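# What the coordinates show
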Amino acid sequence: MANNNETMSREEAGRKGGEATSKNHDKEFYQEIGEKGGEATSKNHDKEFYQEIGEKGGEATSKNHDKEFYQEIGEKGGEATSKNHDEDFYQEIGRKGGESRGNQRNND
């Protein structure tokens with residue numbers, strides 16, 4: 001920690017600022033600024049940008065986890081999703097997936 005004779009590092013200043021901000025704002029504040037940031041980013045970047053960062057994130061994540069990790073999170077996600085959706089939801093996404101796949105075959 002910096003004393004009176006030292007300059008505070010950028011990292012330390014950022015941490016202190018983050019702690020102070022978190023004391024003054026709630027979850028909704030952070031959700032709102034995240035949405036605004038997401039909207040601004042989407043205006044400045046195209047589909048390829050998101051594909052590239054998704055691939056990079058996937059590669060980085062896959063280096064740190066094994067097959068069992070992905071099976072576990074897949075099961076948890078499936079359980080959570082099934083609690084929130086009914087049969088009509090699954091029929092609709094199945095129909096859309098079938099249409100998309102048919103369109104891919106026609107373009108090949």
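Predicted model only: the values in this text are computed from it and were never measured.

## Considering the overall build of the chain
Each helix and strand counted, the chain has 5 helices and 0 strands in total. Listed by position from the N terminus, the elements making up the chain come as α-α-α-α-α. If you line up the chain on its principal axes, its C-alpha atoms span 70 × 35 × 30 Å. Residues counted as buried form 1% of the 108 residues belonging to the chain. Summing over all exposed atoms, the chain offers an accessible surface of approximately 9800 Å²; the carbon and sulfur share of this is 48%. Between the averaged position of the 17 positive side-chain charges in the chain and that of its 25 negative side-chain charges there is a distance of 2 Å.

## Considerations on the packing of aromatic side chains
To describe a pair of aromatic rings, one takes the distance between the centres and the angle between the planes. Inspection of the entire model under this criterion finds 4 aromatic pairs. Between the aromatic rings of Phe29 and Tyr30, the centroid separation amounts to 5.1 Å while the plane-to-plane angle is 85 degrees, which identifies the pairing as edge-to-face. The class for Phe29 is partly exposed, based on a relative accessible area of 27%. Centre to centre, the rings of Phe89 and Tyr90 are 5.1 Å apart; their planes meet at 85 degrees, and the pair counts as edge-to-face. By relative accessible area, which is 36% here, Tyr90 ends up partly exposed.

## Here's the deal with the confidence of the model for the chain
In this model, the chain carries an average pLDDT of 88, and 94% of its residues clear a pLDDT of 70 or more. Averaged over each element, pLDDT in the chain is lowest for helix α5 (residues 87–107) (85) and highest for helix α3 (residues 47–64) (93).

## Quick look at the pattern of salt bridges
Across all of its chains, the model carries 7 salt bridges by this definition. A salt bridge links Arg15 to Glu19; the shortest N-O distance between them is 3.1 Å. With Arg15 and Glu19 both in helix α1 (residues 10–24) and 4 residues apart, this pair spans about one turn of that helix. On the accessibility criterion, Glu19 (39% relative accessible area) is partly exposed. Linking Lys96 and Glu92 is a salt bridge whose minimum nitrogen-to-oxygen distance equals 3.9 Å. Taken together, the residues span about one helical turn, with Lys96 and Glu92 both in helix α5 at a distance of 4 residues. One network of salt bridges, in which partners are shared, links Glu92, Arg95, Lys96 and Glu99.

## What about the environment of Asn84?
Within the secondary structure, Asn84 is located in helix α4 (residues 67–84). Asn84 gets classed as exposed once you look at its relative accessible area, which sits at 59%. Each C-alpha atom, one on Asn84 and one on Glu72, is 19 Å from the other, the two residues being 12 residues apart in sequence.

Each value, and the rule that gives it
- Residues numbered from 1 in each chain as written.
- Predicted model: local features only at pLDDT ≥ 70, side-chain atom pairs only at ≥ 80, totals over all residues.
- Heavy atoms only, no water.
- Helix = DSSP H or I, 4+ residues; strand = E, 2+ residues; numbered from the N terminus.
- Buried < 20%, exposed > 50% of the residue type's maximum accessible area, 1.4 Å probe, protein only.
- Areas by Shrake-Rupley, 256 points an atom, 1.4 Å probe, with all protein chains shown as cover.
- Lys, Arg positive; Asp, Glu negative; His and termini not counted.
- Charge placed at Lys NZ, Arg CZ, Asp CG, Glu CD.
- Phe/Tyr/Trp six-rings, centres within 6.5 Å; stacked < 30°, edge-to-face > 60°.
- pLDDT = per-residue confidence, 0-100.
- Salt bridge = Lys/Arg side-chain N within 4 Å of Asp/Glu carboxyl O.

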